[in-house]
Amino acid sequence: MEIKQEDLKILFTEEQIQDRIKKLADEMNRLYKNEEVTTICVLKGAVMFAADLVKHMKMPVKMEFIRLSSYGTGMVSTGKVHAVDISLPDLNDKNVLIIEDIIDTGHTAKFLLDFINNNFKTKSTKFCSLLDKKISRITDIEPDYYGFTIDDKFVVGYGLDYDGYFRNLRYIGYKANV
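Draft legend 1. Structural context of unusual backbone geometry. A cis geometry characterises the amide bond from leucine 43 onward to lysine 44, with omega recorded as 5°. Locating lysine 44 in the fold gives a position in the loop between strand S2 (37-43) and helix H2 (47-55). One non-glycine residue, aspartate 93, lies in the positive phi region at around 60°. Along the chain, aspartate 93 falls in the loop between strand S4 (82-85) and strand S5 (95-103). Among the residues examined, aspartate 93 registers a relative accessible area of 64% and is labelled exposed. Positioned with a positive phi, tyrosine 158 is a non-glycine residue whose angle comes to about 50°. Looking at tyrosine 158, the relative accessible area reads 5%, which means it is buried.

This is the structure in structure tokens:
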């Protein structure tokens, strides 16, 4: 199925997204106070969200990036997580904040949390996702923080893509008949 920008309906506007990100950053500021935080942005989908979120965080922040995927091409998660690049610095005794674009089945989140818990003894590990698609959850993983809950829609924009396209949209949209 092909998706064209003119067929998209807006689910969350740029203003709604930015307002929610500021509120999430306020929660992070209260949680961490002035303690250092290492963020782990899951590429490529979370890059817009992570960049905007850390701009509002007031504590010292280190940014790390990893590449994981469970989609490949198409609109349905394969259920298998592909670790493209998961090299991380020493996270022992660090506050770690994982930043993801969407948590749906939970496979990617579970993979990453298991990887961190099996390889490091962090001071704290929190998971923040812009979108939470609870209806698709297969694992028992829940984000500690999330921007919006969505129903069973395939969404694009603001970092989320379809076959590599639509990441640059300032809003999050969906194709109504998908």
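Draft legend 2. Spotlight on the pairing of strand S6 (residues 124-132). Most of S6 sits out of view: seven of its nine residues are buried. Pairing geometry for S5 and S6, over eight bridges, is parallel. Among the inter-strand pairings, isoleucine 98 is bridged to a residue of S6, identified as phenylalanine 127. Following the chain from S5 across helix H3 (residues 107-119) to the adjacent parallel S6, one finds a crossover that is right-handed. Pairing between S6 and strand S7 (residues 145-149): four bridges, direction parallel. By the bridge assignment, leucine 131 is partnered in S7 with phenylalanine 148.

Draft legend 3. Looking closely at helix H1 (residues 14-32). Taking 1.5 Å as the rise per residue, H1 with 19 residues should run 27 Å; its terminal C-alpha atoms sit 27 Å apart, in good agreement. For H1, every residue scored as buried is listed here: Ile17, Ile21, Leu24, Ala25, Met28, Asn29 and Tyr32. Down the axis, H1 shows its buried residues gathered within 145° of arc, on one side only. In this structure, H1 carries Glu15 and Arg30 as exposed residues pointing more than 90 degrees from its buried face. Backbone geometry just after H1 places lysine 33 at a positive phi near 50°.

Draft legend 4. Region of the structure containing the environment of threonine 108. The residue threonine 108 is located in helix H3 in this model. For the pair formed by threonine 108 and leucine 68, sequence separation is 40 residues and the distance between their alpha carbons is 7.3 Å.

Draft legend 5. Main features of a nonpolar patch on the surface. On the surface, Val47, Met48, Met63 and Phe65 cluster together to form a nonpolar patch covering roughly 290 Å² of accessible area. Only H2 and strand S3 (61-69) provide two or more residues apiece to the nonpolar patch. By the element assignment, methionine 63 lies in strand S3.

Conventions adopted
- Residues numbered from 1 in each chain as written.
- Predicted model: local features only at pLDDT ≥ 70, side-chain atom pairs only at ≥ 80, totals over all residues.
- Heavy atoms only, no water.
- Helix = DSSP H or I, 4+ residues; strand = E, 2+ residues; numbered from the N terminus.
- Buried < 20%, exposed > 50% of the residue type's maximum accessible area, 1.4 Å probe, protein only.
- Pairing = 2+ DSSP bridges.
- Right-handed = clockwise from strand over helix to strand, strands pointing away.
- Expected span 1.5 Å × (residues − 1).
- Arc of directions from axis to C-beta.
- Patch = residues over 30% accessible without salt bridge, like charges linked within 9 Å, V, L, I, M, F, W, Y side chains within 5 Å.
- Areas by Shrake-Rupley, 256 points an atom, 1.4 Å probe, with all protein chains shown as cover.
- Salt bridge = Lys/Arg side-chain N within 4 Å of Asp/Glu carboxyl O.

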